[in-house]
Protein chains: 2
Amino acid sequence: MSGTPDRAPGRPPLISVEDARGHILDALSPTPAELVALAEAWNRVTAAPVVARLTQPPTDVSAMDGYALRAADGTLGADLAVIGAAPAGHPFAGAVGPGQAVRLFTGSVVPAGADAILLQEDATRSGERVQVNEAVTAGRHIRRAGQDFARGDTVVPAGRRLTARDIGLAAAANHPWLTVHRAPRIGILATGDEIAMPGEPIPAGGIVSSNSHALAALVRACGGAPTILPIAQDTTEAVAAAADAVGGLDMLVTTGGASVGDHDLVIAALQTRGLEVTFWQIAMRPGKPLLFGRLGAVPVLGLPGNPVSAMVCATLFLMPALARLSGLPAAPPPVSTALLGTAVKANDHRADHLRATIHADAAGRSVATPFPVQDSAMLRRLAHADALILRAPHAPALDAGAEVPVIRLDSFGL
Amino acid sequence: MSGTPDRAPGRPPLISVEDARGHILDALSPTPAELVALAEAWNRVTAAPVVARLTQPPTDVSAMDGYALRAADGTLGADLAVIGAAPAGHPFAGAVGPGQAVRLFTGSVVPAGADAILLQEDATRSGERVQVNEAVTAGRHIRRAGQDFARGDTVVPAGRRLTARDIGLAAAANHPWLTVHRAPRIGILATGDEIAMPGEPIPAGGIVSSNSHALAALVRACGGAPTILPIAQDTTEAVAAAADAVGGLDMLVTTGGASVGDHDLVIAALQTRGLEVTFWQIAMRPGKPLLFGRLGAVPVLGLPGNPVSAMVCATLFLMPALARLSGLPAAPPPVSTALLGTAVKANDHRADHLRATIHADAAGRSVATPFPVQDSAMLRRLAHADALILRAPHAPALDAGAEVPVIRLDSFGL
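Keep in mind that this is a model prediction, so the values were computed, not measured. (Residues numbered from 1 in each chain as written. Chains lettered and ligands numbered in written order. Predicted model: local features only at pLDDT ≥ 70, side-chain atom pairs only at ≥ 80, totals over all residues.)

A look at the overall build of chain A
When you go through chain A residue by residue, the secondary structure sums to seven helices and 26 strands. Computed over the C-alpha atoms, the radius of gyration of chain A is 31 Å, more than 25% above the 22 Å expected from 2.2 N^0.38 for a compact globule of 414 residues. When each of the 414 residues of chain A is scored for burial, the buried share is 52%. (Helix = DSSP H or I, 4+ residues; strand = E, 2+ residues; numbered from the N terminus. Rg over C-alpha atoms; globule rule 2.2 N^0.38 Å. Buried ≥ 20, exposed ≤ 12 C-beta atoms within 10 Å, placed from the backbone.)

Topic: the sheet that holds strand β9 (residues 129-132) of chain B
All names here are of chain B. Strand order in the open sheet made by the six strands is β7-β4-β6-β5-β9-β8, with mixed pairing throughout. Unpaired on one side and paired on the other, β7 (116-119) and β8 (123-126) mark the two borders of the sheet. The mean inter-strand angle of the sheet, taken between neighbouring strand axes irrespective of direction, is 40°. Inspection of the sheet shows strand β4 (residues 66-69) paired to β7 by four bridges, in the antiparallel sense. From the neighbouring strand, A68 faces β7, where its bridge partner is I117. (Pairing = 2+ DSSP bridges. Axes fitted to C-alpha atoms, helices over the stretch in contact; angles between N-to-C directions.)

Considerations on the interface of chain A and chain B
Facing the 81 residues of chain A at the interface are 80 residues of chain B. When contributions to the side of chain A that touches chain B are tallied by element, the ones reaching two or more residues are α2 (164-172), β15 (207-208), α3 (211-221), α6 (307-326), α7 (379-384) and β26 (403-408) of chain A. In terms of residue class, the side of chain A that touches chain B is made up of 43 nonpolar, 27 polar and 11 charged. (Contact = placed C-beta atoms within 7 Å. Nonpolar A, V, L, I, M, F, W, Y, C, P; charged D, E, K, R; others polar.)

Some thoughts on the pairing of strand β5 (residues 79-86) of chain B
Residue and element names in this part refer to chain B. Where β5 meets β9, three bridges bridge the pair, whose relative direction is antiparallel. Each residue of the ladder has a partner; that of A81, found in β9, is R129. Sheet topology places β5 next to strand β6 (residues 100-104); five bridges connect them, and they run parallel. Across the sheet, A85 pairs through a bridge with R103, a residue of β6.

Here we look at the packing of helix α3 (residues 211-221) of chain B against helix α6 (residues 307-326) of chain B
Residues and elements named next belong to chain B. Packing of α3 against α6 leaves a shortest axis separation of 11 Å and a crossing angle of 25°. Relative to α6, α3 is oriented roughly parallel. Classified by chirality, the crossing of α6 by α3 is right-handed. On the side of α3, the interface is formed by N211, A214, L215, L218 and V219, while α6 contributes P307, A310, M311, A314, L318 and L322. (Parallel < 35°, antiparallel > 145°, perpendicular 65-115°, else oblique. Left-handed = near helix turned anticlockwise from the far one by under 90°.)

Let's talk about the environment of A321(A)
Residues and elements named next belong to chain A. Counting through the fold element by element, A321 comes out in helix α6. Residue class for A321 comes out buried when judged on the 27 C-beta atoms lying within 10 Å of it. Separated by 20 residues in sequence, A321 and L301 have C-alpha atoms that sit 9.6 Å apart. If we skip the residues at most four places from it in the chain, A321 touches I24, L25, L28, M251 and L301.

Some points on the sheet that holds strand β7 (residues 116-119) of chain A
Residue and element names in this part refer to chain A. Here we have six strands laid out as an open sheet, ordered β7-β4-β6-β5-β9-β8, and mixed in their pairing. Each edge of the open sheet is held by one strand with a lone partner, namely β7 and β8 (123-126). Across the sheet, the mean angle from the axis of one strand to that of its neighbour is 40°, orientation sign disregarded.

Some words on unusual backbone geometry
If a residue is not glycine, its phi is most likely negative; likewise, a peptide bond is most likely trans. For the peptide bond that leads from R285(A) to P286(A), omega is -10°, which places it in the cis range. Even without being glycine, N174(B) reaches a positive phi, approximately 75°. Structurally, N174(B) can be placed in the loop between α2 (164-172) and β12 (177-181). What makes N174(B) buried here is the crowd of 20 C-beta atoms within 10 Å.

Details of the relation of the copies chain A and chain B
Once chain A has been moved 0.0 Å along the axis and rotated by 180°, it coincides with chain B to within an RMSD of 0.1 Å. On this basis, the relationship between the two copies can be described by a two-fold rotation axis. Of every C-alpha in chain A, the one belonging to S411(A) sits nearest the axis of rotation, 3.3 Å from it. An overlap of 99% is found between the interface residues of chain A and their copies at the interface of chain B, pointing to a shared contact surface. (Least-squares fit on C-alpha atoms with pLDDT ≥ 70 in both.)

Notes on α3(B)
Note on helix geometry: an α-helix contains 3.6 residues per turn, so any two residues three or four positions apart are oriented the same way. For α3(B), a buried count of 10 out of 11 residues is recorded, marking the element as mostly surrounded by other parts of the structure. Considered for burial, the residues of α3(B) that qualify are N211(B), S212(B), H213(B), A214(B), L215(B), A216(B), A217(B), L218(B), V219(B) and R220(B). Of the surrounding elements, those touching the buried residues of α3(B) are α2 of chain A together with β13 (185-191), β16 (225-228), β17 (251-256) and α6 of chain B. Immediately downstream of α3(B), the backbone of G223(B) shows phi near 85°, a positive value.

Concerning the domain arrangement of chain A
Here chain A is partitioned into domain 1 (17-32 + 182-326), domain 2 (45-54 + 149-181), domain 3 (60-84 + 101-108 + 128-144) and domain 4 (336-412). Relative to domain 3 of chain A, the C-alpha centre of domain 2 of chain A lies at a distance of 35 Å. (Domains from an automatic or database assignment.)

Some remarks on the confidence of the model for chain A
Residue and element names in this part refer to chain A. Per-residue confidence for chain A averages 91 on the pLDDT scale, and 95% of its residues sit at or above 70. A low-confidence stretch, residues 1-9 stays under pLDDT 50, and its non-local contacts, those more than four residues away or across chains, total 17 contacts. Reported for the predicted complex are a pTM of 0.91 and an ipTM of 0.90. (pLDDT = per-residue confidence, 0-100.)

Here's the deal with the environment of F371(A)
Residues and elements named next belong to chain A. Here F371 lies in the loop between β24 (366-370) and α7. A count of 16 C-beta atoms within 10 Å places F371 in the partly exposed class. F371 sits 57 residues away from A314 along the chain, and the two C-alpha atoms are 20 Å apart. Setting aside residues no more than four positions away along its own chain, F371 makes contact with R355, A356 and R381.

Brief notes about the environment of E276(A)
Residues and elements named next belong to chain A. Along the polypeptide, E276 turns up in strand β18 (residues 276-281). Judged by the 12 C-beta atoms lying within 10 Å of it, E276 falls in the exposed class. For E276 and P396, which are 120 residues apart along the polypeptide, the C-alpha to C-alpha distance reads 38 Å.

Here's what the structure looks like:
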């Protein structure tokens, strides 16, 4: 490598986080659909609506343990003949006539002829007779056919990340397979002469690569499938060669190249393989330099080499990109609110992302306290943070107790 | 099967959710440790502290692009000889003498002799000379050796669920492998003559099994490894036979058996295999009946057969159980606060768990609005809920806008 610090001419001016994210998300499309077994579909995003293949409940069923009877017979003190039982899964084959009752359980099919339920606790059973101790109401404690859903109903829309409850609902709607977006395949390329993989020999003055691993875990946390590419040395040839590995990827994420001016080497090298760069300077802290482009059909996101900046940028840009690739709508990362644990000073023109711990106050509200030193070199402190406090450009000074927007890193496994 | 509705004698009285959870968690121990590759460790719980194997940064490094020099030389207008460059990963071999400077980049090792950094933007380079346009301060913009962590420091404690940032930190601390608790293996046994697996023939009056799938997904969401056992018909023999499949499991979860009185059949059947039952009635809604016991060494959690009750009970009991088995401390599910979207009435003696949607108000605060009908038969409505509003026994009526504790189902992939 032959580093020159000089800035190349014609670089775009600073752009905002929102504009940068907008550009990235506009350039991405969801992955194609695939069919997966129900058991594999948790946390995937539906590529087609899940339409009920049956009606639930399929017929009128009892909501309680008790007896099915004709409402007209269910008067206080009445005494009825128990003509059979209908445990769940074993419907009573006959019909309930006047003066008759059939033993039922929760979920049992209400037999023909019956239109009321006598609760078990309101009945006295004696041999083949049952006495009514509380008058019944027609229709009460009966779950009507289709009360939950009817055949043909969309029970899960397309574009939804499947929860455990959705999986249960899809099962109940009789779907052994679900159509979901393929998990996005994300290649991760760390560059730099100074980095080594954990457990491998470390070059003089070098450090162990952490970005690849942290980003691979972030990709997993966001439902993607990471591929860690071999570290590329700081030469045009090595970085360009890595570009040949992008086939089949849905996105290439690079980190570093900072030793020769942020991203200069990565850009120059990937340009030899046809990289089209969209922009690369953002009004934010930490992590100003960012590259976004396209290598053939594959989007390329270039994160800073600094591990703290890389993770903050990954939270702001890669997490939403993964959501979009996974089939979700284009959207910023989920933001919640917290109360400031300490005062913060007015912000300058760059959006700031204060690493903060979160604790619950006596009322159970989330209180976010920024670390007093926001050093972007401190990976350990980043790992101890629970949230990023979002400080917009030119945000005014705030006192402790003020409400601030936060991204809860701990909520997302980041 | 031959159902009798009569309650067996000697059943324990209602106990509280908290007491039940306490009993369950007291009976559980974390799974044993295993060694996994760093890349596989995300979301697992550390079984041993991660101790730094190196010091980071390993030596004093520059925090900025610029020039290393002696502070005494860095006066306004000084003109220094540039004797070399030290890109990251390529430390300068010599020492910086009086009147000399070495070109540095972010992360570059500060060469011997230098104790100050002249920022690039404060320097004018001209051939092999550099002019100082802003006086330097000794030590400023230098990251000291060990500023992030020192060899021997615990960078991640035992008993922590590993985030993406932790993975990066462990990598930086030079760990290719991590010692974590084995993912808990959870067997899931659905019982009932009336249930079929999705896509299979459905018995008359029967329904498609949803509990097994929803619970398997919940187990995954909580970092466990689910095994769905074949559905057991409602006979003592079939359920007892399933007990023979528990070898190697960390917990057996059963659902249903409700067709013959809640859990009666499951208990009777598993007792033929030595089940010891601890309790099984809880002052809560939905989902009163709950079984907890032990089959040999394997804990057994018996959830209600009703799918909504099963998922609510799984959230309250199985999620914390999985966390404990995974190596986390015994604790209730994470609770946050929200503002009520509508008034709620006073509660009776049973803890209630109102299914609710969450939206953000204009100030970004979470507003939880319970569904007007809380029917435990409606799986579709459960799937559309974002949270459970927790209503303690005898909780007073509350107006809209009151703060209430909630469990955010959407946060956990449930």
